[in-house]
Every structure is written in C-alpha cells, then in structure tokens.
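So you can see what is in the structure, the chains are spelled out below.
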Amino acid sequence: MGPSHQLPLVGLLLFSLIPGQPCTICEVSNENYSRLNPLINTMINSKYTRGIQAANVLLSLRLAGIQDQSLGQLTQEVRDDGEKKDLTSGQLALVILALGACQNSVESVTYFHLVSQLEKKFQEEIENMGLHDGNPLTNYYQLSLDVLALCLFNGTYSIDEIKKYFAPENKNFYFGAQFSVDTGAMAVLALTCVKRSMIKTQNKSGEDLQSISNYIESLVKKMLAEKNKENGLIGNIYSTGEAMQALFVSSNHDNKNEWNCQQTLNTVLEEIPKGAFRMPIAAAQILPALMGKTYLDVNNHSSCGSGHFNLSIQEPTPVEPTSPSTWISVHYTVKINKTYSTEVTVPKGSVFLDVMKEAQKIDKAAFRFTYVETSWGPYITSVQGLKENSNDRTYWQLLSGGTPVSQGVGNYVVHNGENLEVRWSKY
Ligand code: CBY
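Rules behind the numbers
- Residues numbered from 1 in each chain as written.
- Predicted model: local features only at pLDDT ≥ 70, side-chain atom pairs only at ≥ 80, totals over all residues.
- Heavy atoms only, no water.
- Core = buried A, V, L, I, M, F, W, Y, C linked by side-chain atoms within 4.5 Å.
- Buried < 20%, exposed > 50% of the residue type's maximum accessible area, 1.4 Å probe, protein only.
- Helix = DSSP H or I, 4+ residues; strand = E, 2+ residues; numbered from the N terminus.
- Contact = heavy atoms within 4.5 Å.
- Near = heavy atom within 4 Å.
- Polar contact = N/O pair within 3.5 Å; in protein donor to acceptor, adjacent residues only side chain to side chain.
- Disulfide = S-S within 2.5 Å.
- UniProt positions renumbered as here; feature names shortened; annotations may be inferred.
- Pairing = 2+ DSSP bridges.
- Axes fitted to C-alpha atoms, helices over the stretch in contact; angles between N-to-C directions.
- Domains from an automatic or database assignment.
- Buried area = accessible area lost by both parts, 1.4 Å probe.
- Nonpolar A, V, L, I, M, F, W, Y, C, P; charged D, E, K, R; others polar.
- 1 Å grid on protein atoms, 1.4 Å probe; cavity = no way out; pocket = protein on both sides within 12 Å on 5 of 7 lines; lining within 4 Å.
- Points joined across faces, edges and corners; volume = space filled by probe spheres on them.

This part is about the nonpolar core. Nonpolar side chains in soluble globular proteins generally cluster together in the buried interior. Leu-36, Leu-97, Leu-148, Phe-166 and Phe-277 are the most contacted members of the largest nonpolar core, which totals 110 residues. Among the elements that make up this core, the one with the highest residue count is helix H10 (residues 181–201) (twelve residues). Apart from the residues lying within four places of it in its own chain, the contact partners of Leu-148 are Leu-97, Met-186, Leu-189, Ala-190, Cys-193, Tyr-295 and Leu-296. Listed in part, the 25 residues of the second largest apolar core include Ile-328, Phe-367, Val-383 and Trp-396.

Shown next as structure tokens:
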C-alpha cells in the first residue's frame, strides 16, 4: 500500500485520538472537595468484612489519588483476595483493576497470573451461556468488568465474541422489562476500552470498529432513557456514578444536549449528607465520577487523581440509638404461587432482614429463608427451601407496597404499617 493510500487511515487515526474529542466531564471543584469527605471516611473506616468490597474501595481511592497509610493494609487484603479460588469472574476482574490501578507498569506485570485466570473464568461464563439458554454463571455487569480488566491489562479476548455477546438487544442487559443502567454503564466502559485499543493497534476491520461504536451508541441511548428529568439521576442513586463514567467516555454532540451533567452532580452531592452512600461499596462506586475520573483512567498514571485532599479522618458517627420502647408493626408476605402472610412487630428502625427473622420465628415452615453476604450486604438466596438460580434467571424479589425496593434486606429500613413482600420472580 503506497503512502497516499495510508493517508486517510492516518487521518482517521489522528482524528480519533485528538484529546479534544468532545467529552462532557463535570466534576466537583477543588474548593468543594470537603463535600466528598464523608465518602472517603466511609471507605477508609470500613472493615471490609463483607464479600470482597475491598477491591472496589481500593480501586476508587487510588483513582481519587488518595495515598493514605491505611492503603497498605487494604492493598494486602486485596492481594490475598486475589489468591482465593472461589472468586466469581467479576470479583477477580475488580481485584485486577484495583491492584493495577495507578501503578507503574512494572508493578502491574506482577499480576499477570491473575489476568490469565480471568481469561479462563471469562470463558467459563461463555460456556455456561452455551449450556443454559444464553445465561452466564453470573451476570453481564460482571462480564463487562471481565472485558474491561482484560482490555486494560493486556489480556486476550476475541472481538468476535464481544460482537456476539454484547449486542445491546441481549436479554442480559435487562431485568424483566427493565434496562439495567448499572450493567449498561459497565458495558459501555468495557466496549469503549475495546474500541480505543482497536484504534490504537490499528488491528481493526472497519466493520468491527463500526459494530462496537454502534453498540456503545445504542447502550448510551438506553441509559439516557432511564434519566430522571427532575433530578438528573440515571437509573437510581446507586447506578448514577457508573452511568456518569460511561457518559464521560462516550459523550458526543448528540447526547451533549440530552444530559445536563451539572444537574446530576448536584443531586448526588445533596444525597451525600443524607447518608445515601453509607455503605463503603456505594461510596466507592460514586466517588470516581464526582472527581471526573473513570475506570478507563486506571492504566494511565497521569490521569489518576493528584490527591490534594485535605483528609480529616473522622471516627464513624454512631448510628442513632433507637429507643427500644418504640415498636412498629408491618405486614409481611411470601409469594410463590400461593401467598403466605403474617403481621410482624419489630423495634422502630428495623430493616427488612429483621422482619424476615421475626416472621421465621412465628412460622418456620412458611417463612424460613437463607442468605449470603455480598459486598452490598445480605442477599436472599432461598425461602421455604426454594433456591434462586442464575441458570433459569430466578430470584427472590423484594417489594414494598407492590413496588420493588432499591436497597437490599440489610439496609432497607421498614416503616409502621408497611406491606412488605418477598416474591419468587424471574429477571
Ligand atoms: N456485582 C454484581 O454482580 C451485581 C450487579 C448488579 C447489576 C448490581 C445491582 C449493580 C452493582 N453496582 O453492583 C445486580 N444488582 C444484579 C446483577 C442483580 C441480579 C443478581 C443475580 C445474578 N445473576 O447475578 C438480580 C437477581 C437481578 C438482582 N441484582 C437482585 C436484586 C435484589 C436482591 C433481593 C435479594 N434476593 O436479596 C434487589 C434488592 C432488588 C429487589 N427489589 O428485589 C437488588 N438486586 C438491588 C436493590 C440492587 C442494588 C443495591 C443497592 C443497595 N443500596 O443496596 C444495585 C446496586 C445491585 C447490587 N442490586 Co441487584 C442496583 C441498583 O439499585 N442500582 C459485581 C460483584 C463483583 O460485586
């Protein structure tokens, strides 16, 4: 191919690499950094006992540029997690992202055995889809984390597989009829990494690049369709951070007019003092976006935060003691085909899980249940011995007054007279 034929290619390449590629990033200004302190305190003070949230927390603190002494201990904890054999693919991906984040490349090379394990776990996800009607072992949020980590840390993945499995119409982007913003956002980050690396290595057929670009554009549209016009949240308060990251890396002239970043940012900032991000994992998932960072910055040292934080570590504020003399009563139902109901009396301030435990005491046959600890707190795995199963997309859905709740059983605080339900459902 003569030089004249290469010119258009070079032009395309340069164009796509121009840093001024329209990108909407709004972030908290330096003078407002103190508003983020509650998030950082939550993360630094957390005891990382649940699931493997340590990786999420480390990733977030490193992106924010925080170099506190306690990160040493945290890093060790994440390293230990990385050696556990029973990690899901997405958990391992998070460990890799966290350990590699904002480190020089020599340090990252140390973790290459983890990357090859992730390649295996990703293939197991794909095999499971072949055997079980397109359902992965975990979910598409985790498959997206897998692709993101493989893409950022020199793992192997096939563009054909990505094209096959990440088509935006795939059912795994939905829970029931509802588009999962968390999942879509993570997929946009992963696909954007894939797209950028195709451009960089020029290892692309124009057709593949076009497909990936189309997927990204379509997923962004679906995310923006879930934006709340009044407050700017995308999905709900817990999906908004990662949705913002996805919009930062993918925004173009088209959606610039559809997203008012500042409105979203303001709503999130108002939620911090109200305690919406009291869980370390929730704090970890919102912080990068508030500082204008994305998970795509992890292997770009200069994009990591510079850490000019004025850290004033506060002891965690004790939870308001509720007077034990105040009791409330709620209606509790388990629904499979039949419904099983009871009235339960619990102290004011109790959470959904407390109600379930009380009901179990009243009638073990109808209300017995099991749960596992996850990084988002307890997750109900079975009721009356009937187990959730990702191969057939069944789970136990939590509802209040017939509407799904947006917190897990360990955090959802119940109110007097409320109608709580645990319903056998498909997603
Ligand atoms: N993380 C994961 O693998 C989870 C991915 C995620 C998209 C996640 C939300 C987003 C995130 N940031 O982590 C997700 N939930 C999934 C995939 C699922 C499905 C899990 C099964 C599977 N195959 O992996 C499923 C069954 C659809 C699901 N979540 C159920 C529920 C309900 C749990 C009820 C129970 N049995 O205990 C519940 C409570 C919704 C309901 N009303 O029934 C629920 N999820 C909620 C509320 C949430 C949010 C938690 C918010 C909070 N403050 O507690 C969530 C952040 C999250 C965790 N789910 Co799901 C979504 C949101 O509201 N924005 C990767 C891993 C490495 O950590």
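Read on, since the account is not over.
Right, let's get into the site of the ligand. Surrounding the ligand, one finds 29 residues, the nearest of these being Asn-139, Gln-142, Asn-236, Val-405 and Tyr-427. In the model, an oxygen atom of the ligand is placed 2.7 Å from a nitrogen or oxygen of the Asn-236 side chain. Take Leu-398: an N or O atom from its main chain is 2.8 Å from an oxygen atom of the ligand. Mapped by element, the contributors of at least two residues to the shell around the ligand are helix H5 (89–100), helix H8 (140–152), H10, strand E6 (377–383) and strand E8 (394–400).

Moving on, we come to the state of the cysteines. Counting across every chain of the model gives two disulfides. Paired through a disulfide, Cys-26 and Cys-261 show a sulfur-sulfur distance of 1.8 Å. Between Cys-26 and Cys-261, the disulfide has an S-S torsion of -75° and is therefore left-handed. Of this pair, Cys-26 sits in the loop between helix H1 (3–17) and helix H2 (37–45) while Cys-261 sits in helix H14 (residues 261–271), placing them 235 residues apart in sequence. Residue classification places Cys-261 among the buried positions, given a relative accessible area of 5%. Across the disulfide from Cys-151 sits Cys-193; the S-S distance is 2.0 Å. The S-S bond linking Cys-151 to Cys-193 shows a torsion near -90°; that makes this disulfide left-handed.

Further remarks concern the UniProt feature "domain: Transcobalamin-like C-terminal" (unreviewed entry) in the protein. Feature annotation in UniProt assigns "domain: Transcobalamin-like C-terminal" (unreviewed entry) to the following positions: residues 349–426. Secondary structure content for residues 349–426 is 19% helix and 41% strand, while the C-alpha to C-alpha distance between its ends is 30 Å.

Next up on the list: the sheet that holds strand E5 (residues 369–374). Taken together, three strands build an open sheet; the order of strands is E5-E6-E7 and the sheet is antiparallel. In this open sheet, the two strands that pair with only one neighbour each are E5 and strand E7 (386–387). Across six bridges, the pairing between E5 and E6 is antiparallel. From the neighbouring strand, Thr-374 faces E6, where its bridge partner is Gly-377. Packing against the sheet, helix H16 (residues 352–362) makes contact with E5 and E6, and its axis sits at approximately 155° to E5.

This part covers the domain arrangement of the protein. What the domain assignment lists for the protein is domain 1 (20–303) and domain 2 (327–426). Each of domain 1 and domain 2 was reduced to a C-alpha centroid, and the two centroids are 30 Å apart. Taken together, the contacts link 18 residues of domain 1 with twelve residues of domain 2. Surface buried jointly by domain 1 and domain 2 totals about 1300 Å² across both partners, of which 50% is contributed by carbon and sulfur atoms. Connecting domain 1 to domain 2 are eight residue pairs in polar contact (both at pLDDT 80 or more). Counting residues per element, the side of domain 1 that touches domain 2 draws most heavily on helix H15 (residues 280–290), at three residues. A class-by-class count of the residues in the side of domain 1 that touches domain 2 yields seven nonpolar, nine polar and two charged.

Once that is clear, we can look at empty space enclosed by the protein. In this structure the tally under the stated criterion is two cavities of 30 Å³ or more. Quantified by volume, the largest cavity comes out at close to 80 Å³. The calculated volume of the second largest cavity comes to roughly 40 Å³. Together, Ile-237, Tyr-238, Gly-241, Phe-277, Ala-282, Gln-285, Ile-286 and Trp-376 line the second largest cavity. Here the lining of the second largest cavity gets three residues from one element, more than from any other, and that element is H15. Residue composition of the lining of the second largest cavity, by class: six nonpolar, two polar and no charged.

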